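# Close look at the chain arrangement
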Amino acid sequence: MPGGRLGGGSVAALGLARPGAGGGGRAAPPPPTAPDGLAALAADTGTWDVVVDTWSAAPRAVLEAARLLHGRAGRYVYVSSRSVYTWPWPSVDGPAGAGEPVEGAAADAEATDYPRDKRGGELAAAGTFGERDSLLVRAGLILAPHENIGRLPWWLTRIARGGPVLAPGPRELAVSFIDARDLADWILAAAGQRLSGPYDLAGPPGHTTMGELLDACVRVTGADAELRWTDPEVIADAGIEPWTGLPVWVPPGAELYSPVHRADVSRALATGLECRPAEETVADTWRWLTGIGGVAPLRPDRPPVGLDPEVEAAVLAGPGGVPGTTPEEGASGQ
């Protein structure tokens, strides 16, 4: 089912390429809220082994689609988000009681806010197909080609411009993300295993570091860029927002750090989750980005990410930036 281009597109591509792996190898109908979207679904008399739904708006669309598909699809996989948790989201460092879903969500609701829309979608899927025949995939930070939030494309574009680059430290800070294609692989395998219930899907803690991620951006772009590693305190004093102003990055010790970058994904790993090296994600995203002219299409319902060049220049001109150790091979793109 349509709804999220990044994760949903990867699942669709794999399902079409591997009929029998879970999706039956058939393309999805129009979105349920499109004109005649549900009518097209109702008119299709076919059956599916598995339906993968990535819808991110009004939960009622998930409910209506699930009701139409009940009895014609064996399992319903709903790609949700870790945003459905009350704060703080559960993490390997978090309190033992963390992990309760947000309140105020309903399966038949119109669009409200992202956490409740996703939680409402979960309730719609599980309420229609039952807990045994529904799988709720609570995804964390997703990066890959076709990313439409702009996090990794922003870093690649900025580094490709060259020159001194504000690199948020510390260099060895561990960060985690999941490649959309690894997410899709796990979903199809999980459907084949008949897994059910909620699973957190994110990169394991320590998947990569800010240094490895940005070094990879320098290498794949072949840019004449110098990463200038800057203390988190200097960045905070400049009024730069973590996560949005400098995408992916959250300073160590910040309230957001563990929930975002230290999710407990042990259940997913135990059931077959494998995450490719960060450099592969970076290289493939750069190849996709340059292939479409260098400008990533962005979702209109999300605020832009990235740092204003004038703000970056002002911080780099101050005393807090220190020269990085950008690898020599980065200049040649090897």
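Refer to the structure printed above.
Residues numbered from 1 in each chain as written. Predicted model: local features only at pLDDT ≥ 70, side-chain atom pairs only at ≥ 80, totals over all residues. Heavy atoms only, no water.

### Details of helix α3 (residues 59-69)
Among the residues making up α3, those that are buried are Pro 59, Ala 61, Val 62, Leu 63, Ala 65, Ala 66 and Leu 69. Once α3 finishes, Gly 71 follows within two positions and takes phi at roughly 95°, a positive value. (Buried < 20%, exposed > 50% of the residue type's maximum accessible area, 1.4 Å probe, protein only. Helix = DSSP H or I, 4+ residues; strand = E, 2+ residues; numbered from the N terminus.)

### Concerning the packing of aromatic side chains
Summed over all chains, the structure comprises 4 aromatic pairs. Relative to Phe 129, the ring of Tyr 76 has its centre 5.1 Å away and its plane inclined at 45°; by these criteria the two rings are tilted. Residue Tyr 76 is located in strand β2 (residues 73-81), and its partner Phe 129 is located in helix α4 (residues 114-129); the two are separated by 53 residues in the primary sequence. The exposure classification of Tyr 76 matches that of Phe 129, with both residues buried. When the ring of Trp 186 is compared with that of Tyr 199, the centres are 5.3 Å apart and the planes differ by 50°; the resulting orientation is tilted. (Phe/Tyr/Trp six-rings, centres within 6.5 Å; stacked < 30°, edge-to-face > 60°.)

### Examining the sheet that holds strand β8 (residues 197-201)
The 4 strands are arranged β1-β2-β3-β8 in an open sheet whose pairing can be described as parallel. Two strands lie at the open edges of the sheet, namely β1 (48-53) and β8, each paired on one side alone. Averaged over all neighbouring strand pairs, the angle between strand axes comes to 20°, with direction disregarded. Here strand β3 (residues 134-139) pairs with β8 via 5 bridges, running parallel. Of the residues in β8, the one forming a bridge with Leu 135 is Gly 197. Set on the sheet, α3 makes contact with β1 and β2; between it and β2 the angle comes to about 165°. The strands touched by helix α6 (residues 180-193) are β1, β2, β3 and β8; relative to β3, the strand with the most contacts, the crossing angle is about 160°. (Pairing = 2+ DSSP bridges. Axes fitted to C-alpha atoms, helices over the stretch in contact; angles between N-to-C directions. Contact = heavy atoms within 4.5 Å.)

### Regarding the pattern of salt bridges
Counted according to the given criterion, the structure contains 20 salt bridges. Measuring nitrogen to oxygen at the nearest pair gives 2.9 Å for the salt bridge that ties Arg 158 to Glu 312. Here Glu 312 lies in helix α12 (residues 309-317) and Arg 158 lies in helix α5 (residues 151-160), a separation of 154 residues in the sequence. Each member of the pair, Arg 158 as well as Glu 312, carries the same accessibility label: buried. Across the salt bridge formed by Arg 287 and Asp 284, the nearest N and O atoms sit 2.6 Å from each other. Placement of both Arg 287 and Asp 284 in helix α11 (residues 278-291) is noted, with a separation of 3 residues, approximately one turn of the helix. On the basis of relative accessible area, Arg 287 is assigned to the exposed category, the value being 52%. The class for Asp 284 is buried, based on a relative accessible area of 17%. It is possible to trace a salt-bridge network through shared partners that takes in Asp 179, Arg 181, Asp 182, Arg 276, Glu 280, Asp 284 and Arg 287. (Salt bridge = Lys/Arg side-chain N within 4 Å of Asp/Glu carboxyl O.)

### Quick look at the pairing of β1
With 5 of 6 residues buried, β1 lies mostly within the body of the structure. Bridge count between β1 and β2: 5 bridges; the pairing is parallel. Bridge assignment links Val 51 to a residue of β2, and that residue is Tyr 76. Once you follow β1 into α3 and on to β2, the crossover reads as right-handed. (Right-handed = clockwise from strand over helix to strand, strands pointing away.)

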